Amino acid sequence: MYENVEMRQVLADTISFLMERDERIIVIDADLAKANGTLALRNKFPERAFDVGIAEQNMASVAAGMAAYGFIPFIGSFTAFATRRICDQIAISLAYAKRNVKIIGSDPGISAELNGGTHMSMEDIGVLRSIPGVVIFEPADAVQLAKALPKIVEYDGVVYIRLYRKPAAVIFNDDYEFDLFKADVIKEGSNISIFATGIMVEEALQADEILKAEGIEAEIINIHTIKPIDKDAVLKSARKTGAVVVCENHNIIGGLKSAVAEVLSEEYPVPIKSIGVKDHFGEVAKMDYLKNKYHMTAEDIAAAAKDAINMKR
Amino acid sequence: MCNNEFQTLKEKSRYIRRLTVDSIGKLGVGHLGGCLSVIEALVVLYYKEMNIDPKNPNMESRDRFVLSKGHAGPALYSVLADKGYFDISELDTLNRPETKLPSHCDMLRTKGVDMTAGSLGQGISCAAGMAKASKIKRDNANIYCIIGDGESQEGQVWEAAMMAAHFKLNNLIVFTDYNKLQIDGTVEEILGLGELDKKWEAFGWNVINIADGHDEAQIYDAIQQAKKSQSKPTMILLNTIKGNGVSFVEAMGAGNHNMPISEEQRIQALKELE
């Protein structure tokens, strides 16, 4: 149903649906409503969808003030400006004050493509993960996004939506049941656990095909909520397979790999290999090129899986 | 405002100043200077102007107040205690472990505090958000906020200024506690604000410059004028004295931002404020 549909369109349509039913929902943009798909909401909800200009710090604190008044604001920008630029506003106005505000950051990591290094957030998960009380959610596809948004509105607190805004691969079908705090076991396996989030889920599923051909049974788990991470799912899978690969469109420092390692190192240490950005900035290029250059392809995942399996004691 | 009422407010300011010096003095250290420069503005707002109910702190359509210079929390706590939001004995717990009264305002801990603030520049944006929210709800509330002059060096203050003017938030009334001092020296020598009234005017605000920011009557009159604004938010510039009312605090100048206070000094200050 969502094949070739832009994720931003699903975002806007779902928020529109929710705004019709809940007068508390507000959408505030900082001159990227066109990019994020939320511009048309202003025609339908002229009072509740508006722009505050290129002033993200103000946008975050304005949202906090509106939340203190009983509204549920969504604020939006590119990931870089929705997180690292307004880290203190998220920490104090939103998280410390426990305001019910949702943050939409689009174009995560290498998906900023031709906007290049300045716009590629390789650190946004890490920045927000260290702030208490911030839920970090990264959808793998449109079905997951559409099912998540009502739950995100229902949840009383700060939620960061790390949004790939173009058409995403179809991962889930319509009867998929979403739980904001539970990871999805997409495919069970016994030799290696592959944890993936966002655009890397598709790569992980392709890696599974490569591994299958070599007789390796991979367990593929989508961790859509990176904080709080579903510890039970991580531990259960690691206990079963004894080796892990973590795949993320983010610096391997501070993101999903770190979150998984934090869980396993405390309770069930196993070898963990990382697929992601190896602690450097981004650059101008299309995603396919960068996936190759940064070793984030299905082939890289399959190779990492074999390395991790060889490290088992 | 009649003379009697004016005298009552003056006495109230003196009392709130005493409570504030006493609570910080008993602790031995605190943001004395910046607390003492906002007392009169707080007193006019909480005893004369704002539509609030201490028995129902979360009353819908109440007026809101955001202390964007959150370090003046102890002055606000004195007012809230006296208004009955919590027991006056709580003031002696200021900044002690597990207190409900932390140095910087925290809406989750303190009854009557409408917004958390302390990281400078954010409170005025929160107040602008509340003013926008009030417009959407059409509840006719006024949103008040106090920012510091040093705080006005934060870029976010000017982001909020542009936004509030753009959305014609005439229900937003902000005060600048213009005491001319900040932590490292005078505002002028650290990063001068230039012609502050003209800056706010240029940002599209209705600006009222008060010669004596410690005069309740002038503050009250300015608020009445502000409430008549048809489309612009209002900035009331309060020319104040950091540490006002206590001679040795005033005399310290920029040193009074966060200062130690001895038991003898506490007693001396209370005597001055009798």
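Residues numbered from 1 in each chain as written. Chains lettered and ligands numbered in written order. Predicted model: local features only at pLDDT ≥ 70, side-chain atom pairs only at ≥ 80, totals over all residues. Heavy atoms only, no water.

A. The arrangement of the sheet that holds strand E2 (residues 64–67) of chain B in detail. All names here are of chain B. Pairing is parallel across the open sheet formed by five strands, whose spatial order is E2-E3-E4-E8-E7. A single partner strand is all that each edge strand has here, and the edge strands are E2 and strand E7 (206–210). Averaged over all neighbouring strand pairs, the angle between strand axes comes to 20°, with direction disregarded. Taken together, the six bridges between strand E3 (residues 143–148) and strand E4 (residues 172–178) define a ladder with parallel strand orientation. In the strand pairing of E4, Cys145 is matched with Val174. (Pairing = 2+ DSSP bridges. Helix = DSSP H or I, 4+ residues; strand = E, 2+ residues; numbered from the N terminus. Axes fitted to C-alpha atoms, helices over the stretch in contact; angles between N-to-C directions.)

B. Layout of the domain arrangement of chain A. Residue and element names in this part refer to chain A. Under the domain assignment used here, chain A contains domain 1 (7–163) and domain 2 (184–310). The centre of domain 1, based on its C-alpha atoms, is set 26 Å off from the matching centre of domain 2. Taken together, the contact between domain 1 and domain 2 spans 28 residues of the former and 32 residues of the latter. For the pair domain 1 and domain 2, the interface holds two salt bridges. With a shortest N-O distance of 2.8 Å, Glu262 and Arg129 are connected by a salt bridge. On inspection of domain 1 and its partner domain 2, the count reaches 18 residue pairs in polar contact (both at pLDDT 80 or more). Sorting the residues of the side of domain 1 that touches domain 2 by element identifies helix H7 (124–129) and strand E5 (135–137) as the ones contributing at least two each. In terms of residues, the side of domain 1 that touches domain 2 owes the most to one element, H7, which gives four residues. (Domains from an automatic or database assignment. Contact = heavy atoms within 4.5 Å. Salt bridge = Lys/Arg side-chain N within 4 Å of Asp/Glu carboxyl O. Polar contact = N/O pair within 3.5 Å; in protein donor to acceptor, adjacent residues only side chain to side chain.)

C. Spatial organisation of the layout of surface pockets. Residue and element names in this part refer to chain B. There is about 360 Å³ of room inside the largest pocket. The residue makeup of the lining of the largest pocket, split by class, is seven nonpolar, five polar and eight charged. In terms of lining residues, the second largest pocket is bounded by 18 residues, among which His71, Leu120, Gly150, Glu151 and His257 are the most central. When grouped by side-chain class, the residues that make up the lining of the second largest pocket number three nonpolar, 10 polar and five charged. (1 Å grid on protein atoms, 1.4 Å probe; cavity = no way out; pocket = protein on both sides within 12 Å on 5 of 7 lines; lining within 4 Å. Points joined across faces, edges and corners; volume = space filled by probe spheres on them. Nonpolar A, V, L, I, M, F, W, Y, C, P; charged D, E, K, R; others polar.)

D. Highlighting the pattern of salt bridges. This model, assessed by the stated rule, comprises 37 salt bridges over all chains. Taking the shortest distance from any N to any O, the salt bridge between B:Lys26 and B:Asp92 comes out at 3.2 Å. Of this pair, B:Lys26 sits in helix H1 (residues 3–27) while B:Asp92 sits in the loop between helix H4 (73–83) and helix H5 (122–137), and the two are 66 residues apart along the sequence. Given a relative accessible area of 36%, B:Lys26 falls into the partly exposed group. With relative accessibility at 36%, the residue B:Asp92 sits in the partly exposed group. It is possible to trace a salt-bridge network through shared partners that takes in A:Lys187, A:Asp208, A:Glu209, A:Lys212 and A:Glu217. (Buried < 20%, exposed > 50% of the residue type's maximum accessible area, 1.4 Å probe, protein only.)

E. Highlighting helix H10 (residues 231–241) of chain A. All names here are of chain A. Listed as buried for H10 are Ala233, Val234, Leu235, Ser237, Ala238 and Thr241. Tucked inside the fold, the buried residues of H10 contact strand E8 (192–196), strand E9 (218–222), strand E11 (244–251) and helix H11 (256–267). Where H10 terminates, the next one or two residues include Gly242, which has phi positive at roughly 80°.

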